[in-house]
Amino acid sequence: MRSQRILLAAIERDLKAAGLPPLGWYDVLLELTRAAEGRLRPFEIEERILLAQYNLSRLLDRLEAGGLVRREAFGTDRRGQWVVLTEAGREMQERIWIVYAASLQKHIGSRMDAADADALADLLARLTR
């Protein structure tokens, strides 16, 4: 937990120094990029990024205000909605990734070789199976 907190804080500092939004924005934009037609229901985003619903709602509001996503009605169910990635959102995800990837290399990749990284990935994968 301590390692995670330290590494995430370092990555967040790098994003902020580059004038980019927080890492949570990237997570949502990435999942929308990966989704068919660039859209997901809010509960699908919640499941994929493991963010509590009330936090996700506020984050989606900020992404929408920034023009990175838009909400669309889900068929005839007026309560349901899609969260749809905009072109600006796709571009922002790519911009964040450039800094995020460099930050991962700087704070993690530079401290271990490929064998160590593979071993760590295997150990972490065991915990999630």
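As a starting point, this report considers the structure included with it. The residue count restarts for each chain, going from 1 along the sequence in the order it is written. Only residues with pLDDT of 70 or above have their local features reported here, since the model is predicted, and side-chain atom pairs are shown and tallied only from 80 upward, although totals for entire chains, interfaces and linings are computed over all residues. For the side-chain quantities, the full set of heavy atoms in the structure was used; hydrogens and water were omitted.

**Let's talk about the overall build of the chain**
Under the scheme used here, helices are H or I runs from DSSP no shorter than 4 residues and strands are E runs no shorter than 2 residues, and both carry numbers assigned from the N terminus. What the chain contains, in helices and strands, is 6 helices and 3 strands. N-terminal to C-terminal, the α/β element order of the chain is α-α-β-α-α-β-β-α-α. Note on classification: 1.4 Å probe, protein chains only; a residue is buried when its accessible area is under 20% of the maximum for its type, exposed when over 50%, partly exposed between these limits. Classification of the 129 residues of the chain by burial places 31% in the buried group. The criterion used for residue contact is that any of the two residues' heavy atoms lie within 4.5 Å. Partitioning the intrachain contacts of the chain with sequence separation of at least 6 by distance along the chain shows that 51% fall at a separation of at least 24. Computed with a 1.4 Å probe, the accessible areas rest on the Shrake-Rupley method; for each residue, only the protein chains presented here act as cover. In the form shown here, the chain has an accessible surface area of approximately 8,700 Å², with 54% of it arising from carbon and sulfur atoms.

**Some words on helix α6 (residues 114-128)**
For an α-helix the count is 3.6 residues per turn, leaving residues at separations of three or four pointing the same way. In a helix, the anticipated span is given by 1.5 Å times the number of residues less one. The terminal C-alpha atoms of α6, which comprises 15 residues, lie 21 Å apart, in line with the 21 Å expected from a rise of 1.5 Å per residue. Polar contacts, as counted here, are pairs of nitrogen or oxygen atoms within 3.5 Å of one another; within protein the pair requires one atom able to donate a hydrogen and one able to accept it, and residues that are adjacent in sequence qualify only if both atoms are side-chain atoms. The opening residue of α6, the one whose side-chain oxygen lies 3.1 Å from the backbone nitrogen of alanine 115, is aspartate 113.

**Observations concerning the pattern of salt bridges**
Salt bridges are counted wherever a side-chain nitrogen of Lys or Arg sits within 4 Å of a carboxyl oxygen of Asp or Glu. Across all of its chains, the model carries 7 salt bridges by this definition. Among the salt bridges present, the one from arginine 39 reaches glutamate 37, with a minimum N-O distance of 3.5 Å. Look at glutamate 37 and you get exposed, because its relative accessible area is 66%. Salt bridges here are not isolated pairs; linked through shared partners, they connect Glu31, Arg34 and Arg48.

**Quick notes on the packing of helix α2 (residues 23-34) against helix α4 (residues 53-65)**
To describe two helices that pack against each other, one gives the angle between their axes and the distance between the axes. In this analysis, axes come from line fits to C-alpha atoms, helices being fitted only over the stretch in contact, and the angle between any two N-to-C directions falls in the range 0 to 180 degrees. Contact geometry for α2 and α4: axes closest at 11 Å, N-to-C directions at 85 degrees. When the interaxial angle is binned, α2 and α4 end up roughly perpendicular. Residues Gly24, Trp25, Val28 and Leu29 of α2 form the contact with α4, whose own contacting residues are Leu56, Leu59, Leu60, Arg62 and Leu63. Amino acid classes used here: Ala, Val, Leu, Ile, Met, Phe, Trp, Tyr, Cys and Pro are nonpolar; Asp, Glu, Lys and Arg are charged; the rest, including Gly, are polar. Along the lines of polarity and charge, the residues of the contact of α2 with α4 split into 7 nonpolar, 1 polar and 1 charged. If an angle is under 35 degrees, it is roughly parallel; if it is over 145, roughly antiparallel; if it lies from 65 to 115, roughly perpendicular; otherwise it is oblique.

**A look at a nonpolar patch on the surface**
Where nonpolar side chains cluster on the molecular surface, the patch consists of Leu120, Leu124 and Leu127 and spans about 300 Å² of accessible area. Judged by its relative accessible area of 35%, leucine 120 falls in the partly exposed class. Residues enter patches when they are more than 30% accessible in relative terms and free of salt bridges; like-charged ones are connected within 9 Å and nonpolar ones (Val, Leu, Ile, Met, Phe, Trp, Tyr) within 5 Å.

**Here we look at the nonpolar core**
Take the buried residues of types Ala, Val, Leu, Ile, Met, Phe, Trp, Tyr and Cys, join any two whose side-chain atoms come within 4.5 Å, and each joined set is a nonpolar core. Within the largest apolar cluster, 26 residues are counted, with the highest numbers of intra-cluster contacts made by Val28, Leu32, Ile45 and Leu63. Secondary structure elements with two or more residues in this core: α1 (2-17), α2, α3 (42-49), α4, β3 (77-85) and α5 (87-107). Element by element, the count of residues in this core is highest for α2, at 7 residues. Leaving out residues up to four positions away in the same chain, valine 28 has contacts with Ile45, Ile49, Leu56, Leu59, Leu60 and Leu63.

**Structural notes on the layout of surface pockets**
Using a 1 Å grid laid over the protein atoms alone, points where a 1.4 Å probe fits but cannot get out form a cavity; open sets with protein on both sides within 12 Å along at least 5 of 7 lines form a pocket; any residue with an atom within 4 Å of a point counts as lining. Grid points are joined across faces, edges and corners, and a volume is the space filled by probe spheres set on the points. By volume, the largest pocket amounts to about 530 Å³. Leu8, Leu23, Asp27, Ile49 and Tyr100 are the residues nearest the centre of the largest pocket, which is lined by 15 residues in total. Sorting elements by how many residues they give to the lining of the largest pocket places α2 first, with 6 residues. Its residues assigned to classes, the lining of the largest pocket comprises 9 nonpolar, 2 polar and 4 charged.

**Things to note about the environment of isoleucine 45**
Positionally, isoleucine 45 belongs in helix α3. Residue classification places isoleucine 45 among the buried residues on the basis of a relative accessible area of 0%. Distance in space between the C-alpha atoms of isoleucine 45 and leucine 123 is 26 Å, their sequence separation being 78 residues.

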